[in-house]
Amino acid sequence: MTGNVVIVGAGMAGVRTAVELRGQGWRGGVTLVGDEPHPPYDRPPLSKTVLLGGRDGDAPVDVRFDVDFAGLGVELRPGVRAESLRSGSKEIVTGQGTVPYDRLVLATGAYPVQLPGTAGLPGVHSLRTLDDAAALRPVLAARQRIVVVGAGWIGAEFATAARQAGCEVTVVEAADRPLAAVLPASVTAPMRGWYEEAGVELRTGTRVAAVEPGAVVLADGSRLPAAAVVVGIGARPANGWLAGSGVAVDADGAVLADDRLRTSVEDVYAVGDCASFPSARYGRRLLVHHWDNAVQGPRTAAANLLGGDQPYDPVPYFWSEQFGRFVQYAGHHTDADTMVPRGDPAGPAWSVLWLRDGLLTAVLAVGRPRDMAQARKLLGGSPAVDPERAADPAVPLRSAVR
Ligand code: FAD
């Protein structure tokens, strides 16, 4: 194959695709088009160190990827937004003209869901981009009173940083507990205490009706004073520009990639937060909005784009740093799986395993990185686990395998 590979989206997945293409021997053109004005950067620090760094004369935290694009022969085009895809003539249309491609990789990530009626309201923030984090730093520095909407990963991490900065923080969550969409009630129960211990007021089962200047109005009519509102209620794949292109997307807007990360249009691949893929391992399609997927997928996509035939079927993994805890999850569980608690959830370090027919399907580790390191190796092969041994935190996880 010769010609030009165009990658749309210069986040982790787009950048890794460019690096992998070169690493795997591609000598043709690589053009990386991204709509943000900044050099490509890493997102996880945005809800952690970036919010606090750079105060008191410290140098601001540098989140730029350590990649020499010019040295790699990658044409980086920041500030260029893909507006549509003409798959028939193999070109993308941008505000700065068309860009022809021989192969195209979609890596446009996701955008944060807004609270209805709040678009453009002053004092209402999302946390997805470097600009979002830059807008929030003065809010933290001024120790403003903040209402966070959503007790998910981003809400918890932001609340952690805001408390560290000395802000008064209330987290409002429509569900009856934090992380309700991803973890069962018994696992999230101790997490309530994490909020309390950090001095964050957590109000679950609480819906926001509106945001007004200086206040969040709740569904019951009560008002929470708020100098700033941070909305963390999820993200959707950023694929609106593909309308009419022939690239198949699902009801949530995720590109429907196949198990080789090919899309429904020839010579077009998709990686990272913007695409779902069918997992033979878990018997269902997965849409993964985590960093590790944006790192792993590009390796497979690049290999296949260069003529390989590699399936993509990773064990999903992510981490979160919240309320002084390091939380990690690997695998994929369902409500039907059997849970095996490992250690005391009231303590600083504990894990939970999920088993299906005696085989390990997923692990959550709080402050137990060794459990996670062993689990990630084991989960590659769905091993049979002795639940009694696995429940004993003194037994190394790998020794609980039958
Ligand atoms: P993105 O990083 O979203 O990059 C996509 C890029 O494409 C963006 O720059 C976007 O502006 C651009 N783009 C979109 N549309 C267009 C277009 N039409 N034309 C041109 N460019 C376009 N995961 C973890 O596992 N652990 C963590 O602790 C963690 N923390 C996080 C903290 C924050 C604040 C956020 C936002 C995410 C965090 N994540 C974490 C998730 C992880 O960062 C994402 O899964 C990862 O960034 C996805 O990479 P991506 O390249 O697919 O998408």
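About the cut-offs
- Residues numbered from 1 in each chain as written.
- Predicted model: local features only at pLDDT ≥ 70, side-chain atom pairs only at ≥ 80, totals over all residues.
- Heavy atoms only, no water.
- 1 Å grid on protein atoms, 1.4 Å probe; cavity = no way out; pocket = protein on both sides within 12 Å on 5 of 7 lines; lining within 4 Å.
- Points joined across faces, edges and corners; volume = space filled by probe spheres on them.
- Nonpolar A, V, L, I, M, F, W, Y, C, P; charged D, E, K, R; others polar.
- Domains from an automatic or database assignment.
- Phe/Tyr/Trp six-rings, centres within 6.5 Å; stacked < 30°, edge-to-face > 60°.
- Helix = DSSP H or I, 4+ residues; strand = E, 2+ residues; numbered from the N terminus.
- Buried < 20%, exposed > 50% of the residue type's maximum accessible area, 1.4 Å probe, protein only.
- Lys NZ or Arg CZ within 6 Å of the ring centre and 35° of its normal.
- Contact = heavy atoms within 4.5 Å.
- Salt bridge = Lys/Arg side-chain N within 4 Å of Asp/Glu carboxyl O.

K.L.:
Provide a residue-level description of the layout of surface pockets, including the pertinent values.
P.N.:
A volume near 170 Å³ is recorded for the second largest pocket. Each residue belonging to the lining of the second largest pocket can be placed in one class, and the counts come to eight nonpolar, one polar and three charged. Summarising the domain contributions, the lining of the second largest pocket has at least three residues from each of domain 1 (4-111 + 235-305) and domain 2 (114-231).

K.L.:
Help me get a handle on the packing of aromatic side chains, residues and values and all.
P.N.:
Summed over all chains, the structure comprises six aromatic pairs. The interplanar angle of 65° and the centroid separation of 4.6 Å between the aromatic rings of W153 and F318 together place this pair among those described as edge-to-face. With W153 in helix α5 (residues 153-164) and F318 in strand β22 (residues 317-322), this residue pair connects regions lying 165 residues apart in the sequence. Owing to a relative accessible area of 10%, F318 belongs among the buried residues under this scheme. Linked through ring pairs, W153, F318, Y329 and W354 together constitute an aromatic cluster. One Lys or Arg, R376, reaches over the ring of Y317 and ends 3.7 Å from the middle of that ring.

K.L.:
Run through the environment of H125, naming residues and quoting values.
P.N.:
With respect to the helices, strands and loops of the structure, H125 is situated in strand β9 (residues 124-125). Setting aside anything within four residues of it in sequence, one finds H125 in contact with A135, L136, V139, A228, V229, V230 and V231.

K.L.:
Talk me through the pattern of salt bridges; I want residue IDs and the actual numbers.
P.N.:
What the rule picks out here adds up to 22 salt bridges. One salt bridge connects E157 with K48, and the closest N-O pair in it is separated by 2.8 Å. Linking E157 in helix α5 with K48 in the loop between β2 (29-33) and α2 (49-52), this pair joins segments that are 109 residues apart in sequence. Note on K48: relative accessible area 14%, which makes it buried. The closest approach of N and O atoms between D267 and R103, which form a salt bridge, is 3.1 Å. Pair noted here: D267 is in the loop between β18 (255-256) and β19 (268-270) and R103 is in strand β7 (residues 103-106), with a separation of 164 residues, a long-range link. Members of the salt-bridge network, linked through shared partners, are R16, E20 and R299.

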